[in-house]
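Descriptive structure summary
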Amino acid sequence: MKILGISAHYHDSAAALIVDGVPVAAVQQERLSRHKHDAGFPLEAIEWCLEHAGLATADLDAVVFYERSMLKLERILTCSLRAFPRSWRSFPHAIRNSLGEKAWVRGIIASYLGVPRRRILFTGHHASHAAAAFLTAPTRRAAILTADGVGEWATLTVGRAERGAGGATSIVLDREIRFPHSLGMLYSTFTAYLGFHVNDGEYKVMGLAAYGRPTLCDAVRKVIHRTSDGGFALVPEYFEYHTGASRSFSDAFVDLFGPARHPYDPIDLETDDGRRFADCAASVQRVLEDTLLDIARDLRRQTGLGDLCFGGGVALNGVANARLLAESGFERLFVPPAPGDAGCAIGAALYADRIYFKNRDRDVPDHPFTGPSVDADELARVARDDGQQVEALDDDVLLDRVAGDLAAGRVVGWMDGASEFGPRALGHRSILAAPHAAAMRDRLNRDIKSREEFRPFAPVVRAEDAERYFELPPGGLRLARFMSGVFPVRPEWRARLAAVTHVDGSARVQALEAPMAPRLHALLGAYGERTGVPVLLNTSFNVAGEPIVNRAVEGYSTFRRCGIDALVAGPTLVTKRAGTPPRSMREVYA
Ligand SMILES: [Fe+2]
């Protein structure tokens, strides 16, 4: 059976193709359209998935959309009406948006893809998150937790799931918390208040939190109350997002926390305001963690299960994930590589396969490499045409050369095989560098990523070496597989891993097993032989404001526009000639 899953129209559109129960292709639209967080209908992603599998739309047994769009329309209309007349300005906008595209998804899919309307199915948004987390994890029975901004009405669900033999797969979400009460919206409101872009700057809030003290938790608890049933409720007077006003927090919110940060003001931790913003970040982070932890502990008590699968955008919060693993009572925590809405494309398709069509249970590959493959010949061609030094090397020689470059302080663009699905570079589209000196972190932030200096970089380490350098709790290696947890760097290694150790001594480490990305694993070994420390700095291969590179030409364009010294795709090694002036994207593509 061939099932296409689609996630679209909110943020991070994506398509995924399941053939005989196994994902064979999945890609985010932004990687192909080159518009970061592209939310449009993912036609290019769909076309790539079908082409990759050699299928036409007529071959599809079903196309599954990742949420019930009419329920979402009901929520948007109901909230707009409830907030009237405060919502009068946003009402026409909400109607236009919903009636324009979101509500009529079946017709859009039918007309874009030419599939009969009866083959178009819908899953609940949080059912998609739950399926993406559970049906891709190597577990047969688990408790389920999902948390995000909002889907149709639900913002957080809990339940349990089981993969049975003979097609008896079940995912049951027993309880939900509904909009406008939302942990994702709470965090996003603070993201906006702290002057960052919502749906993009949440990482920055988590990074900033490490510089602050959670001194404002009591104030945060005034805007989010705990309820007697173990849930939570946001206090409406502090929020505006549900009324569609131009900002998400209210005057009462500003009275409580002080003036908001303007996006163009620098964060100076030497000033009272700078420290207040860091303390706000630390406090909302702490309250988020405590709330999730209480819900997870209840879930553990109620289900008695050892495994927890966690999905939804809130599961990108690696600090919270690490606390869930260490303190909730669950023995193992599974967070997929794409827990956010993009991952719902895989989730929706798997949900339809296992539960709607009742197809038999199948193991799913335990890696995120489902996107387009990089073409090493294309890289060689583009780089030669541009007058750069290009070599084709055997793997042993290449790995040794690259390890030597890294040990000498050079920065390497690393492209290998199929691209990752999800927001993180996990070894196939990475910028790699030596992790030892803080100066490397500052150089990467300044010359390559053009981003705020308080944001940390992540390390990648061979799984077999991870516990030597990082304090991983039981189950930590699994959480570190897809970089889903933040853990302490062992104190004795912090000075030698300064470029990847955050100000609070932590790191969002990826622990890499050889079968997942064998060439990067071998490179870590070669680097370890030279330096004694098989750890590298690993950051996503993109510059600020752009999606992660996909094709070789995009990697090359990025290489030419910033301070990357060498570039690898397959056997091709490109070394930047000294004194080469930077080129614009347009020149490279021309
Ligand atoms: Fe979501």
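Residues numbered from 1 in each chain as written. Predicted model: local features only at pLDDT ≥ 70, side-chain atom pairs only at ≥ 80, totals over all residues. Heavy atoms only, no water.

**Things to note about the domain arrangement of the protein**
When the domains of the protein are assigned, the result is domain 1 (2–136 + 339–366), domain 2 (183–333) and domain 3 (371–575). Distance between the C-alpha centres of domain 2 and domain 3: 30 Å. Interface of domain 2 and domain 3: buried area, both sides summed, is about 1,500 Å²; carbon and sulfur atoms make up 68% of it. Counting the surface domain 2 buries against domain 3, the share from its top three residues, K204, Y211 and L325, is 31%. One can count zero salt bridges joining domain 2 with domain 3. Elements with a contribution of two residues or more to the side of domain 2 that touches domain 3: helix 8 (202–209) and helix 12 (318–327). Across the side of domain 2 that touches domain 3, the residue classes tally to 12 nonpolar, three polar and two charged. (Domains from an automatic or database assignment. Buried area = accessible area lost by both parts, 1.4 Å probe. Salt bridge = Lys/Arg side-chain N within 4 Å of Asp/Glu carboxyl O. Helix = DSSP H or I, 4+ residues; strand = E, 2+ residues; numbered from the N terminus. Nonpolar A, V, L, I, M, F, W, Y, C, P; charged D, E, K, R; others polar.)

**Re the packing of helix 14 (residues 376–385) against helix 20 (residues 552–561)**
The N-to-C vectors of helix 14 and helix 20 enclose an angle of 40°; their axes lie 8 Å apart at closest approach. Considered as vectors, helix 14 and helix 20 are oriented oblique to each other. When the axes of helix 14 and helix 20 are compared, the crossing they make is right-handed. Listed contacts from helix 20 to E378, L379, V382 and A383 of helix 14 are A552, V553 and Y556. Here the residues of the contact of helix 14 with helix 20 sort into six nonpolar, no polar and one charged. (Axes fitted to C-alpha atoms, helices over the stretch in contact; angles between N-to-C directions. Parallel < 35°, antiparallel > 145°, perpendicular 65-115°, else oblique. Left-handed = near helix turned anticlockwise from the far one by under 90°. Contact = heavy atoms within 4.5 Å.)

**Quick word on the packing of aromatic side chains**
For the structure on display, the rule yields 16 aromatic pairs. Each ring, one from Y193 and one from F249, has its centre 5.5 Å from the other, and the planes form 90°; the classification is edge-to-face. Placement of Y193 in helix 7 (residues 183–193) and of F249 in the loop between strand 10 (232–234) and helix 10 (251–257) is noted, with a sequence separation of 56 residues between them. As far as burial versus exposure is concerned, Y193 and F249 are alike and both buried. Put simply, the rings of F190, Y193, F239, F249, F253, F257 and F277 touch in pairs and so form one group of aromatic residues. The residue whose ring lies beneath K576 is F559, and the NZ or CZ to ring-centre distance is 4.6 Å. (Phe/Tyr/Trp six-rings, centres within 6.5 Å; stacked < 30°, edge-to-face > 60°. Buried < 20%, exposed > 50% of the residue type's maximum accessible area, 1.4 Å probe, protein only. Lys NZ or Arg CZ within 6 Å of the ring centre and 35° of its normal.)

**Re the coordination of the iron ion**
With distances of 2.1 to 2.2 Å, the protein atoms coordinating the iron ion are H125 (NE2), H129 (NE2), D148 (OD) and D341 (OD). Owing to a relative accessible area of 0%, H125 belongs among the buried residues under this scheme. Here D341 falls in the buried class, since its relative accessible area comes to 5%. (Donors = N, O, S within 2.8 Å, 3.2 Å for Na, K, Ca; no water.)

**Some remarks on the sheet that holds strand 11 (residues 307–311)**
Pairing in this open sheet of five strands is mixed, and the strands run 8-7-6-11-12 from one edge to the other. Each edge of the sheet is formed by a strand with only one pairing partner; in this case those strands are strand 8 (170–178) and strand 12 (332–334). Between one strand axis and the next, the sheet turns by 20° as a mean value, whatever way the strands run. Summarising the sheet, strand 7 (residues 154–162) and strand 8 pair through eight bridges and their orientation is antiparallel. (Pairing = 2+ DSSP bridges.)

**As for the side chain of D290**
As for its position among the elements, D290 is in helix 11 (residues 272–303). In this structure the side chain of D290 is engaged in a polar contact, spanning 2.9 Å, whose partner is the side chain of R323. Setting aside residues up to four positions removed in sequence, D290 forms contacts with R221, R226 and R323. (Polar contact = N/O pair within 3.5 Å; in protein donor to acceptor, adjacent residues only side chain to side chain.)

**Concerning the side chain of Q510**
Along the polypeptide, Q510 turns up in strand 21 (residues 510–512). A polar contact of 3.0 Å, which involves the side chain of Q510, links it to the backbone oxygen of L426. Within the structure, the side chain of Q510 is placed 3.3 Å from the side chain of N538, a separation counted as a polar contact. In this view, Q510 contacts A425, L426, G427, P459, V460, V461, A480, R481, M483, M516 and N538; residues no more than four positions away in its chain are not counted.

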